[in-house]
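As a plain string of letters, each chain reads:
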Amino acid sequence: MIDRAEVWVFWVFAVPLIMASAGVVVARNPVNSAMSLVAAFFFLAGIYVLLTAHLLAFLQVLVYAGAIMVLFLFVIMLLTTGDQDFERTRLKVMQVAGAFGAAGVVAVVVLAVNRLGPMPMSAVPSNFGTVKAVGRLLYTQYLLPFEATSLLLLVAIVGAVVVAKQRI
Amino acid sequence: MRRFLGMVLFAICVPLSMVLLGRAVYWLVAGAEYLATSLGAPPTYGAAIANVILLMLVFVMTTAALLTIGERKWSAMIQNRIGPNRIRVFGNSAGGIFFLAADALKMLTKENINPSQRSRVLYELAPMAAFAPSFALFAVVPVGPAVDSVVNGVRTTVALQVANIDAGLLFVFGIASLAVYGTALAGWASNSKLAILGGVRASSQMISYEVSLGLALVGSMMAYQSLRLEEMVRAQGQLLWGFLPALGFFLQPVGLLVFFVSAFAETKRTPFDLPEGESEIVGYFVEYPGMKFGMLFLAEFIEVVVLAAITAAIFFGGWHPVLFEGWLRENLSPIWFASVCAGAFLTKVLLLCWLQLIVRWTLPRFRFDQIQKLCWKVLLPVALANVFITGALILVDPSLELLGLVGLVEIAAMAVITAAVSRKVEVPAHAHAAAAAVAGH
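Below, the structure is looked at part by part. (Residues numbered from 1 in each chain as written. Chains lettered and ligands numbered in written order. Predicted model: local features only at pLDDT ≥ 70, side-chain atom pairs only at ≥ 80, totals over all residues. Heavy atoms only, no water.)

### Side note on the pattern of salt bridges
Residues and elements named next belong to chain B.
Here is step 1 of the chain: Using the criterion set out here, one finds 10 salt bridges over all chains in the structure.
Here is step 2 of the chain: In this structure, E71 and R360 form a salt bridge, with 3.5 Å as the shortest nitrogen-oxygen distance. With E71 in helix 2 (residues 45–78) and R360 in helix 12 (residues 334–362), this pair connects stretches of sequence that are 289 residues apart.
Here is step 3 of the chain: By relative accessible area, E71 is classed as buried at 7%.
Here is step 4 of the chain: The residue R72 makes a salt bridge to D103 at a minimum N-O spacing of 2.3 Å. Of the two residues, R72 sits in helix 2 while D103 sits in helix 3 (residues 98–109), which places them 31 residues apart along the sequence.
Here is step 5 of the chain: Classification of D103 by relative accessible area gives buried; the value is 17%. (Salt bridge = Lys/Arg side-chain N within 4 Å of Asp/Glu carboxyl O. Helix = DSSP H or I, 4+ residues; strand = E, 2+ residues; numbered from the N terminus. Buried < 20%, exposed > 50% of the residue type's maximum accessible area, 1.4 Å probe, protein only.)

Here it is, written out as structure tokens:
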């Protein structure tokens, strides 16, 4: 019963996830495209929750859907005025190349999944994915990458201020 | 004198009715659990569904709807008016409650006028995107404690909380940050200059205040050693020096102030109501007719309820009744004690909603640069300093007593500062009575 419910919930998140991801590419209006990306982040967070990675799921929604995409949307809204719908590409070459590329990606994914075969399910430790467990890992084993990333972000902020403001 | 007695009676009746409401909700949740297990569902499924329906739909929705009337009534009192009293049933206006039905009818039957140049899908999506996240936030709020009970011969615990997730506060931040899309899209999709101004103002304001909103709660997370709201509420039951409950209000007064201000900015209500400033740009919902406007409007009141609930849970002891708690625990049966706890929580939520109504009707609107300055130059540094000071104090004294002491000093300092900067306004003695007489009180 519980397994079946999990499968149902998986499809509830998986199908819209694929549709939203397709929407990002297919939508011709940049705002629609950005909103599809937000939806994709949200549904992907649902998949993370099913994998008992609650912390990752919420951080995904908080950082990507809630903060970064808002800024994207903000920029798109302010900078695109009037009808900015992209025209359909008339180039046959591009279409053919795109079709080949898509087919290649699908083939690689199908082959990889087939090669893997059925995976044995392993029990998850009770503290898996909790804030405490992830935090401990981040601040001990992965301390250097963590601090390096924060330094990178600081440099980026300083750079943005320098670029944006001529006189400081 | 009669008026005073009436007020005392009202003040007693509200918590009592909330306790009875809590008892009823416990009874219904246990009943749903019984029904579900009888039908063959796994344990806790029935209780979860009942919690979703009763807490998220019935409680939040009813409170939000009643707040629309409450706000009109309170604004009328503050401005010395009578307020809604034109709709009467059997000659009784019943405090304007009937306006609820009138509003619903009006919104549902209005002509559906849509701007022709709108972005079709997003225009319809925006009210839902504003409405849904505020609801979802209530999922992690612990309304009542867990009670052991035997349902269908199986020992289970029944709690008034939809989801007790490990990263509860992060869920709150994540879902709260999604609320931006409703307003931003409503502004953009209706293709109107005033609406897009409102939408842009709303999104810039909301993403700014999200930062201080998150930082303000870091101190509480450190003090209670958890992000799980249920554990944070439980931790507030411990006593400092044997008598002072370790409420967030005492441990984190600065955190409370910053959180409340930032969350108030997130609800976009009056000191922060630039996105909808009626006197200048009407707002992001200017092009929405009927119930679509109603959803955007109601989303604001749902946010008020949810903000009150989260503040009550983290800073005011959640479901701890605080007063006479030990006596109540000893002399009541577990289920009635739990009901008293739920009643205490609901009463706190109502009080905080009322506080928000008062703030909305007493403070004037900020200017836009003042809003950004308040966020980035006042609240953010204060919240950061609070994080560091709290961390240092907990490191020095893990029993939280030092933190409590500093908290009390901070409260005293805030009181002194408030008293020092408050201005005495001379009101002629007869003016108030005359105004009241004119207004018909």
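From this point, the discussion proceeds with the structure in view.
### Quick notes on empty space enclosed by the protein
Residue and element names in this part refer to chain B.
Here is step 1 of the chain: Scanning all chains against the criterion turns up 4 cavities of 30 Å³ or more.
Here is step 2 of the chain: Within this model, the largest cavity holds a volume of roughly 230 Å³.
Here is step 3 of the chain: What lines the largest cavity is a set of 17 residues, and nearest its centre among them are L137, A176, E266, E303 and V306.
Here is step 4 of the chain: Secondary structure elements with two or more residues in the lining of the largest cavity: helix 4 (120–137), helix 5 (168–189), helix 6 (193–224), helix 9 (253–267) and helix 10 (290–315).
Here is step 5 of the chain: Partitioning the lining of the largest cavity into residue classes produces 13 nonpolar, 2 polar and 2 charged.
Here is step 6 of the chain: Here the second largest cavity is characterised by a volume of approximately 60 Å³.
Here is step 7 of the chain: If you trace the second largest cavity, you find it lined by A130, A179, T183, K268, Y284, L296, A299, E300 and E303.
Here is step 8 of the chain: Counting only elements with at least two residues in the lining of the second largest cavity, the list comes to helix 5 and helix 10.
Here is step 9 of the chain: It is helix 10 that contributes the most residues to the lining of the second largest cavity, 4 residues altogether.
Here is step 10 of the chain: Residue composition of the lining of the second largest cavity, by class: 5 nonpolar, 1 polar and 3 charged. (1 Å grid on protein atoms, 1.4 Å probe; cavity = no way out; pocket = protein on both sides within 12 Å on 5 of 7 lines; lining within 4 Å. Points joined across faces, edges and corners; volume = space filled by probe spheres on them. Nonpolar A, V, L, I, M, F, W, Y, C, P; charged D, E, K, R; others polar.)

### Thoughts on the environment of I165 of chain B
Here is step 1 of the chain: Take I165 of chain B: it is sitting in the loop between strand 2 (154–160) and helix 5.
Here is step 2 of the chain: Residues I165 of chain B and R228 of chain B, spaced 63 residues apart in sequence, show a C-alpha to C-alpha distance of 6.3 Å.
Here is step 3 of the chain: Ignoring sequence-local partners within four residues, the contact set of I165 of chain B consists of H54 and F58 of chain A together with V140, F171 and R228 of chain B. (Contact = heavy atoms within 4.5 Å.)

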